[in-house]
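Notes for the structure review
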Amino acid sequence: MAQQNITIKVNGTDQAAEIEQRLLLVHFIRENLALTGTHIGCDTTHCGACTLILDGKAVKSCTVFAVQADGKEVLTIEGMTTNGELHPLQEGFMEEHGLQCGFCTPGMIMSSYALLQENKNPTEAEIRWGISGNLCRCTGYVNIVKAVQYAAQKA
Amino acid sequence: MIPGSFDYHSPSTVEEAVALLTSLGEDAKVLSGGQSLIPMMKLRLAEPAQLIDINGIAGLEYIREADGYLTIGALTREADLDKSELIQQKYPILHDTAHVIADPLVRNRATIGGNLAHGDPANDHPATMLAVRAEVVATGPNGARNIAIDDFFLGPLTTALAPNEILTEVRIPVPAQGSGGAYVKLERKVGDFAIAGVAAVVTLDGNGNCSAASIGLTNVGPTPIRAGAAEEALTGNALSTDAIAEAGRLAGEASQPTSDHRGSAEYKRAMVQELTIRALTKAKVRAEGGQ
Ligand SMILES: Cc1cc2nc3c(=O)[nH]c(=O)nc-3n(C[C@H](O)[C@H](O)[C@H](O)COP(=O)(O)OP(=O)(O)OC[C@H]3O[C@@H](n4cnc5c(N)ncnc54)[C@H](O)[C@@H]3O)c2cc1C
Ligand code: FES
Ligand code: FES
């Protein structure tokens, strides 16, 4: 089995490992690093539960190999708090009831984070477009949109 | 789901990548955005023993005009096409297309080269490339050759690329004066493949007559389809409502849909007819200087 040494900077810390080349980035994050906030939903590139930020772009980590992230930077939901303080998006999802079961929430937050990096003051339509790669089976999206608006206003 | 094992290669030049493809032979596959290939590998529909990742090759991500062509590097992401001001202003048909491909997360990785090289008639760029009469540049061991888009798609997931060729660039002629184009897609939900899609480009002469027309159809046959009879019927005539309706009818006839979970063949044919009318109408407005 083809092995390779990689180093990925995850939430600000270099993480080195020898991994199988076929290992998916989401499995590296969840299993090798035990960062289980990034979820696996569909496992077929549809739901966005596995969304994280790879070198500044929101991507579906079930559809990227870990070796492709070698030498790059990853941000996951665990990296969103600073010194125990919630990110405005995390706070927004809490305040606006942007989650029910919470399964989609980390992916929703990471996609919304990427959206707000590019567009500090998105319209409702832009928010809906920005999270259109993320599925939620509980909320009906209304409160998710409000949560993103809350964060945009706070920032 | 875990894909089969493979050896991973990350060349830093096109030459190196071509040399790897040539020496590793049939077992090797190019990995670009991975948004079609990785899902297929996870489902074990594809099990390449050697994976040549071209993402580390510098200089394949660009969108620029030169010598009468818009040239787009094969590694250009759909997200970058979607957001490009040059594309939005001068090539709105390409913006229409990139904007409705998959979702923002997939678009951050998916590439224009992969979208064409995959040879999937369900993909959206192929029909648009027929409409804009593009060429693709294929680079192999003996250098680069240009392939006209009409000669590129040979069958489902089959293209004119040799196994050791890499699609390196897409070339689109700068549109003639008085041209306009549009892509219209019908989808069940955001991010889904098309039930049907139609790309149309028209050129108007000084008297408002149609001097050239070009129409490509998405996901209604084994390859993207050029609606040749509809193009001929339009050319040389006034672009009237009746002429557009007739072109819609002819495009519907040219489509070869099959019934599946996205609808019956009859429904899809009717949709091709309607979408052709909408795409031509929008293309005409744009040719006249509107949005
Ligand atoms: C949920 C989802 C929804 C989608 N919806 C749409 C949609 O609505 N419309 C649409 O058009 N597409 C859609 N796609 C497909 C997506 O756009 C793909 O990314 C695209 O078809 C392939 O591009 P890629 O860069 O990801 O290629 P890859 O997946 O890396 O490669 C695809 C194939 O092309 C070959 N290849 C790639 N690049 C080259 C090259 N430069 N030279 C030679 N061979 C090459 C590979 O070997 C492979 O066989 C969707 C995908 C997903 C996951
Ligand atoms: S688990 Fe990756 S998109 Fe659903
Ligand atoms: S809160 Fe349950 S899936 Fe979104």
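Predicted model, so just to flag it, every value in this text is computed and none were measured. (Residues numbered from 1 in each chain as written. Chains lettered and ligands numbered in written order. Predicted model: local features only at pLDDT ≥ 70, side-chain atom pairs only at ≥ 80, totals over all residues. Heavy atoms only, no water.)

With respect to the overall build of chain B
- Looking only at helices and strands, chain B has eleven helices and 14 strands in total.
- For 291 residues, the compact-globule estimate of 2.2 N^0.38 gives 19 Å, and the C-alpha radius of gyration of chain B, at 19 Å, lies within 12% of that figure.
- When its C-alpha atoms are laid out on the principal axes, chain B stretches across 60 × 45 × 30 Å.
- Burial statistics for chain B: of 291 residues in total, 56% are counted as buried. (Helix = DSSP H or I, 4+ residues; strand = E, 2+ residues; numbered from the N terminus. Rg over C-alpha atoms; globule rule 2.2 N^0.38 Å. Buried < 20%, exposed > 50% of the residue type's maximum accessible area, 1.4 Å probe, protein only.)

Looking at the pairing of strand E4 (residues 63–66) of chain B
Residues and elements named next belong to chain B.
- With four bridges connecting them, E4 and strand E5 (residues 69–73) associate as antiparallel partners. By the bridge assignment for E5, Glu65 is matched with Leu70.
- The hairpin turn running from E4 into E5, its antiparallel successor, is two residues long, and Asp67 in that turn takes a positive phi close to 50°. (Pairing = 2+ DSSP bridges.)

Quick word on the pattern of salt bridges
- Taken as a whole and assessed by the stated rule, the structure comprises 24 salt bridges over all chains.
- One salt bridge in this structure joins Glu20 of chain A and Arg22 of chain A, with 2.6 Å as the shortest N-O distance.
- Judged by its relative accessible area of 18%, Arg22 of chain A falls in the buried class.
- A salt bridge links Arg249 of chain B to Glu246 of chain B; the nearest nitrogen and oxygen atoms lie 2.8 Å apart. Note that Arg249 of chain B and Glu246 of chain B are positioned in helix H10 (residues 241–254) at a spacing of three residues, about one turn of the helix.
- Glu246 of chain B sits in the partly exposed class, given a relative accessible area of 32%.
- By sharing partners, the salt bridges in this structure join Arg133, Asp150, Arg226 and Glu231 of chain B into a single network. (Salt bridge = Lys/Arg side-chain N within 4 Å of Asp/Glu carboxyl O.)

Digging into the domain arrangement of chain B
Residue and element names in this part refer to chain B.
- Considered domain by domain, chain B is made up of domain 1 (7–53), domain 2 (63–173) and domain 3 (179–285).
- Once you take the C-alpha centre of each, domain 1 and domain 2 turn out to be 19 Å apart.
- Contacts between the two partners involve eleven residues from domain 1, matched on the other side by 17 residues from domain 2.
- Summed over both sides, the interface of domain 1 with domain 2 buries roughly 1000 Å², with 71% coming from carbon and sulfur. (Domains from an automatic or database assignment. Contact = heavy atoms within 4.5 Å. Buried area = accessible area lost by both parts, 1.4 Å probe.)

Examining the pairing of strand E12 (residues 196–204) of chain B
Residue and element names in this part refer to chain B.
- Taking burial as the measure, the nine residues of E12 include nine buried ones, the bulk of the element.
- Judged by which residues are buried, E12 turns out to be covered on both faces: Ala196, Val198, Ala200, Val202 and Leu204 on one side and Gly197, Ala199, Val201 and Thr203 on the other are all buried.
- Bridging between strand E11 (residues 179–186) and E12 involves eight bridges; their strand directions are antiparallel. Looking across to E12, one finds that Ser179 is bridged to Thr203.
- Direction of pairing for E12 relative to strand E13 (residues 210–218): antiparallel, over a ladder of eight bridges. Residue Val201 lies in a different strand from E13, and its bridge partner there is Ser214.
- Counting the residues in the hairpin turn of E12 and E13 gives five residues, including Gly208, whose phi is positive at 80°.

Some remarks on the sheet that holds strand E2 (residues 28–31) of chain B
All names here are of chain B.
- Overall, parallel pairing links the three strands, which are arranged E1-E3-E2 in an open sheet. Whereas interior strands pair on both sides, the edge strands pair on one side only; in this sheet they are strand E1 (7–9) and E2. On average, adjacent strands in this sheet sit at an angle of 25° to one another, irrespective of strand direction.
- Relative to strand E3 (residues 50–53), E1 is paired through three bridges, and the arrangement is parallel. Across the sheet, His9 pairs through a bridge with Ile52, a residue of E3.
- Contacts between helix H1 (residues 14–24) and the sheet are confined to E1, E2 and E3, with E3 contributing the most and set at about 170° to the helix. (Axes fitted to C-alpha atoms, helices over the stretch in contact; angles between N-to-C directions.)

Focus on the site of ligand 1
- Around ligand 1, the structure places 32 residues, and the nearest of them are Val30, Gly34, Leu37, Thr111 and Asp124 of chain B.
- Residues lining ligand 1 come from chains A and B.
- One of the backbone nitrogen or oxygen atoms of Ser32 of chain B is found 2.8 Å away from an oxygen atom of ligand 1.
- Within the side chain of Asn123 of chain B, a nitrogen or oxygen atom sits 2.8 Å from an oxygen atom of ligand 1.
- Starting from 970 Å² of accessible surface for ligand 1 in isolation, the protein chains cover 96%.
- When residues of the shell around ligand 1 are traced back to their parent elements, those giving at least two are E2, helix H7 (112–117) and strand E10 (166–173) of chain B.
- Grouping the constituent residues of the shell around ligand 1 by class yields 14 nonpolar, 13 polar and five charged. (Near = heavy atom within 4 Å. Polar contact = N/O pair within 3.5 Å; in protein donor to acceptor, adjacent residues only side chain to side chain. Areas by Shrake-Rupley, 256 points an atom, 1.4 Å probe, with all protein chains shown as cover. Nonpolar A, V, L, I, M, F, W, Y, C, P; charged D, E, K, R; others polar.)

So, unusual backbone geometry
Residues and elements named next belong to chain B.
- Phi angles above zero are rare outside glycine, and Arg44 is one such case at about 60°.
- In this structure, Ala102 takes a positive phi of about 50° despite not being glycine.
- By secondary structure assignment, the location of Ala102 is in the loop between helix H5 (92–99) and helix H6 (104–107).
- For Ala102, a relative accessible area of 18% puts it in the buried group.

Focus on H10 of chain B
All names here are of chain B.
- The end-to-end C-alpha distance of H10, which contains 14 residues, comes to 20 Å, matching closely the 20 Å that a straight helix rising 1.5 Å per residue would cover.
- Residues of H10 that are buried: Ala243, Ile244, Ala247, Gly248, Leu250, Ala251 and Gly252.
- Summarising the contacts, the buried residues of H10 are in contact with E13, helix H9 (228–234) and helix H11 (265–287). (Expected span 1.5 Å × (residues − 1).)

With respect to the nonpolar core
- Within the largest apolar cluster, 32 residues are counted, with the highest numbers of intra-cluster contacts made by Ile8, Ile19, Leu25, Phe28, Ile29, Phe65 and Val74 of chain A.
- At the level of elements, strand E1 (3–10), strand E2 (13–20), helix H1 (25–32) and strand E3 (51–54) of chain A together with helix H2 (37–42) of chain B are the ones that each hand at least two residues to this core.
- Beyond its immediate stretch of four places on either side in the chain, Ile19 of chain A contacts Ala2, Gln3, Gln4, Ile6, Phe28, Asn32, Ala66 and Val67 of chain A.
- Tyr91, Leu116, Val132 and Ala138 of chain B belong to the second largest nonpolar core, which has 30 residues in total. (Core = buried A, V, L, I, M, F, W, Y, C linked by side-chain atoms within 4.5 Å.)

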